[in-house]
Each structure stands twice: as C-alpha cells, then as structure tokens.
Amino acid sequence: MELKPYQQSVINDLKSYLEKLEETSDISKAFTEFWRWRAPIVCVKVPSAGGKTFNVCNALRTLTE
C-alpha cells in the first residue's frame, strides 16, 4: 500500500526533523532549526478513513531506520 501525498509529507517532515536532531544532538536546537523556514503546525487532523494507522506505522518505520 502506498502513502497518499499528504501522508508522505508527514513522514518527510518527521525524517527531516530527526536528521536535524541527529546533527545537533540538542532537541531544542533541532526543533528551532527545523521550524525556521516552515509555518509551525500545532495539530494534525486526519479525517475518518484518512489513514491514521497507516501513517503512524510508516512514522515508526522512519523512527527505527
């Protein structure tokens, strides 16, 4: 099963943030640098049947790579 574009966007952001965290080894600095050129998103809302479980499974895979 393939991720929908909006789901892939979430995974891409997570991967980018984790790369920043690995570079800096400082969670606050990584957070600041990651959001510097992005509009901050406080909450992600996914409608029913929007693929929440599927997206979380892919996020877990990204976290464990």
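These figures come from a predicted structure and were not determined experimentally.

J.: Is there a simple way to think about helix 2 (residues 27-35) in this case?
T.: Residue pairs spaced three or four apart in an α-helix point in one direction, given the helix's 3.6 residues per turn. All of the buried residues in helix 2 are Ala30, Glu33, Phe34 and Trp35. Lining the buried residues of helix 2 we find helix 1 (5-24). With a side-chain oxygen lying 2.9 Å from the backbone nitrogen of Ser28, the N-terminal cap of helix 2 falls on Asp26.

J.: Would you mind showing me how to read the side chain of Thr62 here?
T.: Mapped onto the elements, Thr62 comes out in helix 3 (residues 52-64). Setting aside chain neighbours within four positions, we find Thr62 in contact with Ile11, Leu14, Lys15 and Leu18.

J.: Please explain the packing of aromatic side chains as it appears in this structure.
T.: Any pair of aromatic rings gets described here by the distance separating the centres and the angle formed by the planes. By the definition in use, this model includes three aromatic pairs. Taken together, a centroid distance of 4.9 Å and an interplanar angle of 85° make the contact between Phe34 and Trp35 edge-to-face. Per residue, the accessibility class of Phe34 equals that of Trp35, and both read buried. One aromatic cluster is present, formed by Tyr17, Phe31, Phe34 and Trp35 through successive ring pairs.

J.: I would appreciate a short explanation of the confidence of the model for the protein chain in the present structure.
T.: Low pLDDT means the predicted coordinates in that region are not meant to be read closely. Overall, the predicted model of the protein chain reaches an average pLDDT of 84, with 91% of residues at or above 70. The secondary-structure element of the protein chain with the lowest mean pLDDT is helix 3, recorded at 83, while helix 1 shows the highest, at 90.

J.: Got a minute to help me understand the packing of helix 1 against helix 3 in this structure?
T.: Packed helices, taken two at a time, are described by the angle between their axes plus the distance between the axes. It is the contact of helix 1 with helix 3, at a shortest axis distance of 10 Å, that shows an interaxial angle of 25°. In terms of orientation, helix 1 lies roughly parallel with respect to helix 3. Classified by chirality, the crossing of helix 3 by helix 1 is right-handed. Only Phe54, Asn55, Asn58, Ala59, Thr62 and Leu63 of helix 3 make contact with helix 1, whose side of the interface consists of Gln7, Val10, Ile11, Leu14, Lys15 and Leu18.

Basis of the calculations
- Residues numbered from 1 in each chain as written.
- Predicted model: local features only at pLDDT ≥ 70, side-chain atom pairs only at ≥ 80, totals over all residues.
- Heavy atoms only, no water.
- Buried < 20%, exposed > 50% of the residue type's maximum accessible area, 1.4 Å probe, protein only.
- Helix = DSSP H or I, 4+ residues; strand = E, 2+ residues; numbered from the N terminus.
- Contact = heavy atoms within 4.5 Å.
- Polar contact = N/O pair within 3.5 Å; in protein donor to acceptor, adjacent residues only side chain to side chain.
- Phe/Tyr/Trp six-rings, centres within 6.5 Å; stacked < 30°, edge-to-face > 60°.
- pLDDT = per-residue confidence, 0-100.
- Axes fitted to C-alpha atoms, helices over the stretch in contact; angles between N-to-C directions.
- Parallel < 35°, antiparallel > 145°, perpendicular 65-115°, else oblique.
- Left-handed = near helix turned anticlockwise from the far one by under 90°.

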